[in-house]
Each structure stands twice: as C-alpha cells, then as structure tokens.
Amino acid sequence: MSLHIPFDNSYARLPDRLFTRQAPVPVASPGWIALNDRLARDLDLDAQALRSDEGLRVFAGNAVPDGAAPLAQLYAGHQFGQWNPQLGDGRAILLGEILGPDGIRRDIALKGSGRTPYSRMGDGRAWLGPVIREYIMSEAMHALGVPTTRALAAVTTGEEVIRETVLPGAVLTRVAQSHIRVGTFQILTARGDHDGLRALADHTMARHYPDAGSVPEMLAQMVARQADLIARWMSLGFIHGVMNTDNCSVAGETIDYGPCAFMDGYHPGRVFSSIDAHGRYAYGNQPQVALWNIAQFATALVPLMPNQDRAVEDFTAIINRFADLYQSAWLDRFGAKIGLAEPTPEDRALIEALLTAMSAAGTDFTNGFRALAEDAPERSGADADWIARWRARGPDLSVAAAANPVVVPRLHRIEATITAAMAGDLSVFDDMLTVVTAPFEPDPALAKIHVAPPAGHEKVDKTFCGT
Ligand SMILES: Nc1ncnc2c1ncn2[C@@H]1O[C@H](COP(=O)(O)OP(=O)(O)OP(=O)(O)O)[C@@H](O)[C@H]1O
C-alpha cells in the first residue's frame, strides 16, 4: 500500500482479554463525505494520500492499512445509573495508534464499521445523520478550546441502515487521545481481574498521566481534568446528554456526541435527549454527574491499593476536591464571559444574577453572552440595575469577545445539514463546518444563518441517540 500510516499499537500489547481482534466489515460502495486535511497535517499524516481511493477504502473499512492492529475494546458501564456488566465496541474498531509530532499518542478508530463480538442486538452500523453530527460537533468543540475527540474522515457506505426507517449508512473515523473509559476500568474490577486492572492502570498512567507516578495521583489529576472539562461545557451551554461511565474518557476528552446539544434559550434544567426521561443529564446536573462518574472510577481503582480501607479514605478526600476545582474553573470561565480576566469570589453573584435574568427571559445562551462582548448588554436579558453593576466592575470587552463565541453548532442547523446531505448536497455541511470551526470570527456571510436562534418551526427540542 502506498498509503502509509505509522502505527504503533500499544493497546494491542495489553492482555488480550481487554479486547477482541476484529477487522472492520467491508461495505458495498464507499463515498466521501469529508476528510479533515488540517487534522491530518497536525498529525503529520499525508492528507493527499488519505484523500485517495485507497484512503477511502480504509475509512470505509474495506481495506486495513499496513501496521494496523484492528480490535474492538471491551468495557462496561453505568448507563443512567444502572450497571451494565458488559458493553464494548459494538460498532467501532480501533485501527491503531499513532504518535503525533506533539509527542501525543492517539487512537485512530472507525465508528459504524460493522458487527463485533460486543454488538449484542445491534447491526454494528451508523447512519449518515449521527456521523455528520459527531463530525461537526467534535470539530466545533475543538475550535472552542474544549478537549475532545476529533473527526478525521467521514464516508458513506452505499448501504442501507434500518432504524425506524431506511437510512443511508456512514462511517466516522475518530481520533482520540484514547478510548479508555471509566467503564474500561470498571469491567476489570467487576470481574476481579486485578492483573488486567494493573496493566490498564499502568498503560493509562504512561499514556495520559505520565507525571502522576501513582494511582492516587492519577485520580487527582483526572479529577482536575474533569472539573476543567465540565466548566468548559457549562460555559458554552453544551449539554452532553448521555454522561454514562462508558462515555467518560479517562484522558479527559469529550467523547460520544450521540444526543448532545448546545442550548438556544438558557435554562439550567434543559434536557434534549429523548431517553433522558428524568433529566439526569440536564445542563445543570452535569457537574454532579461528572463527580458521580469520578467516584465510580475511584471505586474501580481501589483493588490496586495495598490497603483498601485506607484507599477508600484517601480517594474520598481526592474526589472531594472536585467541588472547589470545578467552582474555581467555573468562575474563571464565566468571569471571562462577562469580561473579567481575574474574577473574584464576589463576582459570582454578578454572574449568577445574569444567569437568573437570562433564564427568566429565555435569552439565547450564545447570543446573550456575545451581546456583552458587543457592548449591548441589554440584549442579554439583564436589567438596568445589573448593567450598571456590570459597568461599574469595569469589564474588558476583548476578554468577553475571546470567551463568547459568535456561533456554535445549533441543532436546527445540524438537522438542515443532514437533510441536505441526505439529498446529496454536501455544500451545506461544508459551509457549516467552515463557520463552526472559526467560532469567534466566522465568515460573516456564511455565519448569518448560524447566528440566528431557530425560528418557531425550525426548533429542535429533542435529540435521539440516533445511532
Ligand atoms: N448499531 C449498533 N450496533 C452495535 N452496537 C451498538 C450500536 N449502537 C450502539 N451500540 C453499542 O451500544 C453501546 C452504547 O452505545 P453508545 O451510543 O453509548 O456508544 P456509541 O455512540 O456507539 O460509541 P462511543 O461511545 O464510542 O461514541 C456501545 O457499547 C455501542 O458500541
């Protein structure tokens, strides 16, 4: 093969009960949706070679590149709080890992690439809609400065996928610092596989927490990463929607863009996911859920410690730091959003008063905060008293401009993009991607339709795991 990807597959060297070797299942007739040239270049991959017919076959799962060690990873997880003792990649294949020029090791994985031993009743496939959604959402999140998995490529399969209706199939190529989830640890602990657990912990520390040196320190650093990550989500009005422990990356990246959404009108109780009946993963619950997931991670790590009673005590103290770390990250993020580079604890009340006003007025989250950067605070839903207090605090509008994007990928625009793609028109996708990957300074002509909140008939109130 002329297409060269310099794989170095460390996960495939772990005990083989952590995965099943499995090649992607070929598809009928691959076609391009997108190749992420910029990401390819950042990873030191030859974008031109990837854009070839050979690249298309690789991204469709019809060819396995030299050096790949394709496998499906095993994991378990708590889904909506309920323990599921075995999940695993039911429609994903890790092709292998590469070391980037930045020294960071990354997975290259296909999603929607056919059945695996962990597919249960599923067909192992994805349809075009969720592939487009994950591509746009994850690339936008990256551009917004949020740690996230990335999209390297998306292709159609030329095959039909049966959901509630017949839909076109697609495969996403996802790049992640790893696909190690809290659930990857949980399954080994639940099975009493302490050797496997030790091997996974050593691998994870070497890969994601190289300066940790010990399991408690890894946990402490994981707590800090999650606190920062969730504060970033909150500051953008992002609702993940399915924060199960199998969707919680130990590396601290946002992973699984199934039912996620950026809020239009602000409300702390906002839920989009059609299956989140009780609002477990509502916007305002995300910090508590992250903490809950971290507690499951800590529980899974306990068998690694020589004195388990002591470990529970130590781990509890470590986990309890989350609240302060999160509050401080939240204050930094939201302080910046109102133009304060160095917010003080007293500024919290000012921010909260604004959020209360925004919630009462149903202000669009993105546009309401952006209005501050544009010195039009009245458009945020704030009253004259708040505006006077804010001005008296001396906000720096350039700080607010750097913290408040002009555009985020709004659900109704993603829906429009999917509808156009289904009709064979990818220009809407290309334009949307251009806009949301320059979220602070988008092309004004292209951005126009992305800035406007949905008109009544365009409103999308629910998301579906979609698969
Ligand atoms: N169509 C499908 N066929 C087989 N397995 C599936 C299918 N859809 C989902 N699954 C499996 O169901 C579980 C839960 O799905 P979930 O939507 O959280 O994951 P996902 O979106 O497929 O993958 P990821 O979390 O890697 O983004 C996972 O184990 C997933 O592999």
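Remember, predicted model here, so these are calculated numbers, not experimental data.

(A) Region of interest: the site of the ligand. Looking at the ligand, there are 17 residues lining it, with Leu87, Gly90, Ser119, Gly122 and Asp256 nearest. Its residues assigned to classes, the shell around the ligand comprises four nonpolar, eight polar and five charged.

(B) Expanded view of the UniProt feature "active site" (unreviewed entry) in the protein. Feature annotation in UniProt places "active site" (unreviewed entry) on Asp246, given in this structure's numbering. Tracing the backbone shows Asp246 in the loop between strand S11 (238-239) and strand S12 (261-262). The class for Asp246 is buried, based on 24 C-beta atoms found within 10 Å. Not counting residues within four places of it along the chain, the set of residues in contact with Asp246 comprises Tyr75, Gly77, Leu87, Arg181 and Gly183.

(C) Representation of the nonpolar core within the structure. Of all hydrophobic cores here, the largest spans 137 residues; its most connected members are Ala154, Ala170 and Leu219. At twelve residues, the largest contribution of residues to this core is made by helix H7 (residues 215-235). If you count residues domain by domain, this core takes at least three from each of domain 1 (11-176) and domain 2 (330-403).

(D) Looking closely at the pairing of strand S9 (residues 150-162). Sheet topology places strand S2 (residues 31-35) next to S9; four bridges connect them, and they run antiparallel. Across the sheet, Ala34 pairs through a bridge with Ala154, a residue of S9. For S9 and strand S10 (residues 166-176), the ladder comprises nine bridges, and the chain directions are antiparallel. Bridge pairing links Ala151 to Arg174 in S10. The loop that links S9 with its antiparallel partner S10 comprises three residues.

(E) Representation of the environment of Asn244 within the structure. Structurally, Asn244 is set in the loop between S11 and S12. When the 24 C-beta atoms within 10 Å are taken as the criterion, Asn244 is described as buried. As a C-alpha pair, Asn244 and Asp256 span twelve residues in sequence and 10.0 Å in three-dimensional space. Once you skip the residues sitting within four places of it in the chain, Asn244 turns out to touch Gly77, His78, Gln79 and Phe80.

Calculation rules
Within every chain, residues take consecutive numbers counted from 1 along the sequence as written. Local features in a predicted model are, by the rule used here, given only for residues with pLDDT of at least 70; side-chain atom pairs are given and counted only at 80 or more, and totals for whole chains, interfaces and linings are based on all residues. Nearness is defined per residue: the C-beta atom, placed using the backbone, must lie within 6 Å of the molecule or strand. For this classification, the nonpolar set comprises Ala, Val, Leu, Ile, Met, Phe, Trp, Tyr, Cys and Pro, the charged set comprises Asp, Glu, Lys and Arg, and every other residue, Gly included, is treated as polar. UniProt positions are given in the numbering used here, feature names are shortened, and annotations may be inferred rather than shown by experiment. Going along the chain from the N terminus, every DSSP run of H or I of four or more residues is numbered as a helix, and every run of E of two or more is numbered as a strand. Field definition: a residue is buried when 20 or more other C-beta atoms are found within 10 Å of its C-beta, exposed when 12 or fewer are, and partly exposed for counts in between, with C-beta atoms placed from the backbone. A pair of residues counts as a contact when their C-beta atoms, built from backbone coordinates, are separated by no more than 7 Å. Think of a nonpolar core as buried Ala, Val, Leu, Ile, Met, Phe, Trp, Tyr and Cys residues, each tied to the set through C-beta atoms within 7 Å. In this entry, domain limits derive from an automatic or database-based domain assignment. Only when DSSP finds a minimum of two bridges between them are two strands counted as paired.

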